[in-house]
Amino acid sequence: MSTDHEFTSSASEETMTKHEMIIQYIQQLAIGTRISVRAVAKELNVSEGTVYKAFKDAETAGLVSTKERIGTVRIDRKRREALGQLTFREVAEIVDGRLHGGLLGIEKTLQKFVIGAMELEAMLRYIGQSSLLIVGNRTNVHRKALEQGAGILITGGFEPEREVIELANELQLPVLSTRHDTFTVASMINRAMYDRLIRRKIILLEDIVTFTKPADVMHVGQTVAEYHALFRETGSARFPVLDERGRVVGMMTAKDAAAAANDHIGVDKVMSKHPITAAPNITVTSAVHTMALEGIDLLPIVDRHRKLLAVVTRQEVLDAMRFAGKQPESGETFEQLIWTGFVLQSEVVPEDASVIYTGKITPQMSGALGMASESMLSTLMAQAARNMIRETSKRDFLLDNINTYFLHPIPIESEVSIVTKPLELSRMVTKIEIAIYDNGRLAGKAILAAQMIDPY
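Let me begin by describing the structure that accompanies this report. (Residues numbered from 1 in each chain as written. Predicted model: local features only at pLDDT ≥ 70, side-chain atom pairs only at ≥ 80, totals over all residues. Heavy atoms only, no water.)

### Concerning the overall build of the protein
Next, step 1: Within the protein, the secondary structure is distributed over 16 helices and 20 strands.
Next, step 2: When the 456 residues of the protein are sorted by exposure, 42% land in the buried category.
Next, step 3: Once local pairs closer than 6 in sequence are excluded, the contacts in the protein between residues at least 24 apart make up 56%.
Next, step 4: Within the structure as shown, the protein displays about 24100 Å² of accessible surface, and the carbon and sulfur contribution to it stands at 51%. (Helix = DSSP H or I, 4+ residues; strand = E, 2+ residues; numbered from the N terminus. Buried < 20%, exposed > 50% of the residue type's maximum accessible area, 1.4 Å probe, protein only. Contact = heavy atoms within 4.5 Å. Areas by Shrake-Rupley, 256 points an atom, 1.4 Å probe, with all protein chains shown as cover.)

See below:
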């Protein structure tokens, strides 16, 4: 299904690159429109190779989605607040599904899932708007579900009848099919939802910056005198320097300005070249690490062509980390699952400042020989150190390195104690000694070094 769209050029657009022209064309399309490389190339009179590259960038930016057997579809960039919800398109990707009808509803968000394992009359009580019915080859149920406002996922490799496809197109409700059985499909969707709960806890740079807010910048051709004027106007001392295409080519700082022979020199002659930048989809934690390591307070956020999208300050990323630290846990990572069952055995002991945790080596922690896996033990010791820092100083750290030594294997079902002792603890760095004991016998030891993160 395709829709004809008009795309007009203006004098300002004539200066665009072909890539920018394609991206703007895509942005003007209605959500749900199916597009193809060949059609866009013909419409804009550009090569298919150029369109293909632009499609890849548009997919990264969340403008389109390409799925086998569905094609490339114009989508709306998904808000991360709604990460806990799935769209029909995402369900199709999860279950390797095929779209038969209802393309214009492929981006609709689901509120609930219904498994069709009951009589029709009983099933209708659970089916409603924005729901997805997961069912086998039951044509009468398919029609009723669509009439109730629900999409359909047909399991077992069956395909819908023609009349069902026509009704789906009319109501703009997707009808999907998958080769997997109903139980497998439910498990796959449940796992995807679980992963999303964890992902919501992870904050990216794109979540904390406003891309439409203009940043204070300088341009190639401006002078050091103009830097001083911008400094007085904004109170900031660090500005990205852009070329005529909006790409970040340098960073102008107070140190660079002080090194200039006079104020009439161009900033491109004294700026710091090849500045550190970040992509919008990197984590806030990674940005904190980079800014702390490089000693910078402002980080430009750029696209793959190094065009400036926004800037972020160290204070903004630290505030975001504090916010994340106060949020309730959503879902459990492997580290959290491994640590489950370990408890604080003693408070800080004044004479040696040790903190002790006790717990049990579960069968899931075993390695190939039936003993506790070395990787699991390393994770337990690192997790103990992290919990000690959180409980004693309300801070966190970014791991630099950990040197681990194992003295003897630990059988599964063993009760172990993990003793953590800070050897060095300052505002910037920490070094922690960690020992794990099996029934009072030293089984492993580690020295952990890390960068400290400000209190959250």
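Read on for the rest.
### Structural notes on the sheet that holds strand β9 (residues 218-219)
Two strands in a sheet stick together by hydrogen bonds in their backbones, pointing the same way (parallel) or opposite ways (antiparallel).
Next, step 1: Here we have 4 strands laid out as an open sheet, ordered β9-β10-β11-β12, and mixed in their pairing. The open sheet terminates on both sides in strands that have one partner only, identified here as β9 and β12 (272-273).
Next, step 2: Looking at chain direction, β9 and strand β10 (residues 239-242) are connected through 2 bridges and run parallel. Residue pairing across strands places His-219 opposite Leu-242, the latter belonging to β10.
Next, step 3: The sheet strands contacting helix α10 (residues 224-234) are β9, β10 and β11 (248-252), and the helix crosses β10 at an angle near 140°. (Pairing = 2+ DSSP bridges. Axes fitted to C-alpha atoms, helices over the stretch in contact; angles between N-to-C directions.)

### Comments concerning the environment of Leu-242
Next, step 1: Along the polypeptide, Leu-242 turns up in strand β10.
Next, step 2: Those residues within four positions of Leu-242 in sequence are excluded, and the remaining contacts are Val-217, Met-218, His-219, Val-220, Arg-247, Val-248, Val-249 and Leu-308.

### Considering helix α7 (residues 162-171)
Next, step 1: Turning to α7, its buried residues are Val-164, Ile-165, Leu-167 and Ala-168. In an axial view of α7, the angular spread of the buried residues amounts to 165°, which keeps them on one side of the axis. Opposite its buried face, α7 presents the exposed residues Arg-162 and Glu-170, each directed more than 90 degrees away.
Next, step 2: Residues of α7 that are buried sit in contact with β4 (98-101), α6 (139-147) and β8 (175-177).
Next, step 3: Count one or two residues on from α7 and you reach Gln-172, which has phi positive near 55°. (Arc of directions from axis to C-beta.)

### Notes on the sheet that holds strand β5 (residues 112-115)
Next, step 1: The 5 strands lie next to each other as β4-β8-β7-β6-β5, forming an open sheet whose pairing is mixed. Among the strands making up the open sheet, the edge pair consists of β4 and β5. Ignoring which end each strand starts from, the neighbouring axes of this sheet average 25° apart.
Next, step 2: The pairing of β5 with strand β6 (residues 131-135) spans 4 bridges and is classified as parallel. Among the inter-strand pairings, Ile-115 is bridged to a residue of β6, identified as Ile-134.

### Quick look at the pairing of strand β7 (residues 151-154)
Next, step 1: Taking every second residue as pointing to the same face, both faces of β7 are buried, with Gly-151 and Leu-153 on one and Ile-152 and Ile-154 on the other.
Next, step 2: Following the chain from β6 across α6 to the adjacent parallel β7, one finds a crossover that is right-handed.
Next, step 3: Alignment of β7 against β8, held across 3 bridges, turns out to be parallel. Looking at the pairing, Ile-152 lines up with Val-175 of β8.
Next, step 4: Traced from β7 through α7 to β8, the parallel crossover comes out right-handed. (Right-handed = clockwise from strand over helix to strand, strands pointing away.)

### Description of the nonpolar core
Next, step 1: In terms of nonpolar packing, the biggest core is built from 28 residues, with Ile-361, Leu-380, Ile-410, Ile-418, Ile-434 and Ile-436 touching the most fellow members.
Next, step 2: Of all elements in the fold, only α15 (334-339), β16 (355-360), α16 (374-393), β18 (415-425), β19 (429-438) and β20 (441-453) reach the threshold of two or more residues within this core.
Next, step 3: For this core, the leading source of residues is α16, giving 8 residues.
Next, step 4: Apart from the residues within four sequence positions on either side, Ile-361 is in contact with Ala-372, Leu-377, Leu-380, Ile-410, Pro-411, Ile-412, Glu-413, Ser-414 and Val-416.
Next, step 5: The next biggest cluster of nonpolar side chains, apart from the first, holds 19 residues, and it includes Ile-203, Met-291, Ala-320 and Met-321. (Core = buried A, V, L, I, M, F, W, Y, C linked by side-chain atoms within 4.5 Å.)

### Quick word on the pairing of β20
Next, step 1: Note: strand β17 (residues 396-406) against β20, 10 bridges, orientation antiparallel. Its bridge partner being in β20, Leu-399 is matched across the sheet by Ala-450.
Next, step 2: As paired elements, β19 and β20 share 10 bridges and run antiparallel to each other. When the bridges of β20 are listed, Val-429 appears paired with Gln-451.
Next, step 3: Following β19, the chain reverses through 2 residues before pairing antiparallel with β20; Asn-439 in that reversal takes a positive phi of roughly 55°.

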